[in-house]
Each structure stands twice: as C-alpha cells, then as structure tokens.
Amino acid sequence: MAFMAKKVGKKSKYKGTPTLEVLEGAHRYNNWIAQSILPFVKPPVLEIGAGIGNLSALFIHKTPITLSDLENEFVNILKDKFNHEKKVLVKKFDISISPDSSMIKKYNTVISVNVLEHIEDDLKALKNLKKTLKKKGKIILLVPAKKKAYSKLDKELGHFKRYEKEELSQLLTLAGFKVEKIHFFNMVGLLTWITRNYLTSQNVQLTARQIAMFDSIVPILRPIEKRIKIPIGISLIAVATNE
C-alpha cells in the first residue's frame, strides 16, 4: 500500500523536516533499509522517532505496532496517515525520559532508525528503551557511522555524533544488551556524503535531485552489499537482545 504524508509546513520546529520530506521519495532506499531490518522484527513492535512515517509504511504489517515520536507535529501526521490501519497506535514518546507504566516490558521489538544520534545521553536512552522490551526482545538500531564523516548537515540535523562500530557495540553492552549483529550499511552513501560536505558551502540540505540520483543506483548497490562484507558505510545497523 502506498502512503503520502501531508507536508509539515514552513513553521516546523524540527530542522530536519525538509530532509524527511525529500527522503519520502527515496522508495528504493527506504525499502532497502526496511528489508535489512524486517527479518529481525517480531510483534508487538515499537518504532521510535517515526517522523512522517517514511519507513513506518514498510513496517505497518507487523502488528500490533506503536509508532512514536517526540515532536507533536509528527505525532499528528502519523495519526492522520495511519488512522485507518488496525492495531496501529500512535503516541508521543521521549526516549530521554523513562517510559510510562503502559510501555514497560510490552514489546518484542524496538526499531530505531536515525534517532539515537539526536540524544546527547544516548546510554540513558538505550536503558530507557530496554525497559520497554520483553525478555529476549530485540532492539534494532540504524545510526550514522564514522566520526570523521561528521558534517555541516549532521550539525544542521541536530546530530550529536556519528558512531564507530566498536563504540556502538560497547554502548549497547553497557546498556544491558547482548549484541547479536552489527555491520556497516551503504558504503557509496558514505563516500557521497563526505564529498558533498566538501563541495557544498551554503545549502547543506539534501535536495530531491540528489536523493533521486542516489535512489536510482540502489538496485546496483543492494546485491553487492548482500554478497560482500563492506568495511565502511554511511550507517551502522545493530541488532541486540534484552537478556
């Protein structure tokens, strides 16, 4: 099923809103991310930082599912977008704060795509998310990778950091998780991210044209990364278990 999100509008408080709206058109890339995550997903599911639902639409069959975000404007968009879906709950949730009693030990899977880097105390956030998981439940993270790739766009998007592979593994362990899998994702995306940062002096936001160009080569990149263990990437994907 195809979904279209209504535009947030010029008064959006979140600086990354234009990027979210542009990425809505990256159908191949969004599907690549979703298919990398879905094999580990078991309902009931909690998606944090769901934004305008670009990826939520690809998880929506894994019901019951709770879609959450910190921003009221995104919560309203998610409610409007998925209001006809059964067994879909939309709620406001701040992962920097301990979850309320209704969320404790409720979920088998927590999905977090490009969210953790927005939280200054990421260890506390992971511990809060752990509280929402049932025993043996899994957390699936996708975060920006490689500290040296931190750019003007990262800063504009409100990213506190980019992660190294060992750093993310240690962070999950400190939060009480057992790391099952962690790997780099989208090597070409990292190279274009770094190149774009050096070539761009003013407009740091991603454009629809840039996204469309990258989305067109996803069918080439995807099978290559499926066969080869890449040494770097624009993101890290981690799967860890609540022991």
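In the block above lies the structure referred to throughout.
Computed from a predicted structure; not experimentally measured. (Residues numbered from 1 in each chain as written. Predicted model: local features only at pLDDT ≥ 70, side-chain atom pairs only at ≥ 80, totals over all residues. Heavy atoms only, no water.)

**A short note on helix H9 (residues 208–227)**
Inference 1: Helix length check: H9 (20 residues) gives 29 Å between terminal C-alpha atoms against 28 Å at 1.5 Å per residue, within 8%.
Inference 2: Approximately 50° is the largest bend angle found in H9, and it occurs at Val218, with the proline Pro219 only one to four residues beyond.
Inference 3: Among all positions of H9, only Ile211, Phe214, Asp215, Val218, Leu221 and Glu225 are buried. (Helix = DSSP H or I, 4+ residues; strand = E, 2+ residues; numbered from the N terminus. Expected span 1.5 Å × (residues − 1). Bend = angle between axes of the 7 residues up to and from the residue. Buried < 20%, exposed > 50% of the residue type's maximum accessible area, 1.4 Å probe, protein only.)

**Some words on the sheet that holds strand E1 (residues 45–48)**
Inference 1: The strand order across the open sheet formed by seven strands is E3-E2-E1-E4-E5-E7-E6, and the pairing between neighbours is mixed. Both edges of this open sheet fall to strand E3 (88–92) and strand E6 (177–185), since each of them pairs with a single strand only. Here the average twist between neighbouring strands, direction ignored, is 15°.
Inference 2: Note: strand E5 (residues 133–144) against strand E7 (residues 235–242), seven bridges, orientation antiparallel. Note that in E7 the partner of Ile140 across the bridge is Val239.
Inference 3: Here helix H4 (residues 72–81) sits on the sheet in contact with strand E2 (65–69) and E3, set at roughly 165° to E3. (Pairing = 2+ DSSP bridges. Axes fitted to C-alpha atoms, helices over the stretch in contact; angles between N-to-C directions. Contact = heavy atoms within 4.5 Å.)

**A word on the side chain of Thr109**
Inference 1: Turning to its location among the elements, Thr109 is positioned in strand E4 (residues 107–113).
Inference 2: Among the polar contacts made by the side chain of Thr109, one reaches the main-chain carbonyl oxygen of Lys42 at a distance of 2.8 Å.
Inference 3: Each residue touching Thr109, except ones within four places of it in the same chain, is listed here: Phe40, Val41, Lys42, Pro44, Val45, Leu46, Leu133, Lys138 and Ile140. (Polar contact = N/O pair within 3.5 Å; in protein donor to acceptor, adjacent residues only side chain to side chain.)

Everything listed here is a matter of geometry and, on its own, says nothing about what the molecule does.
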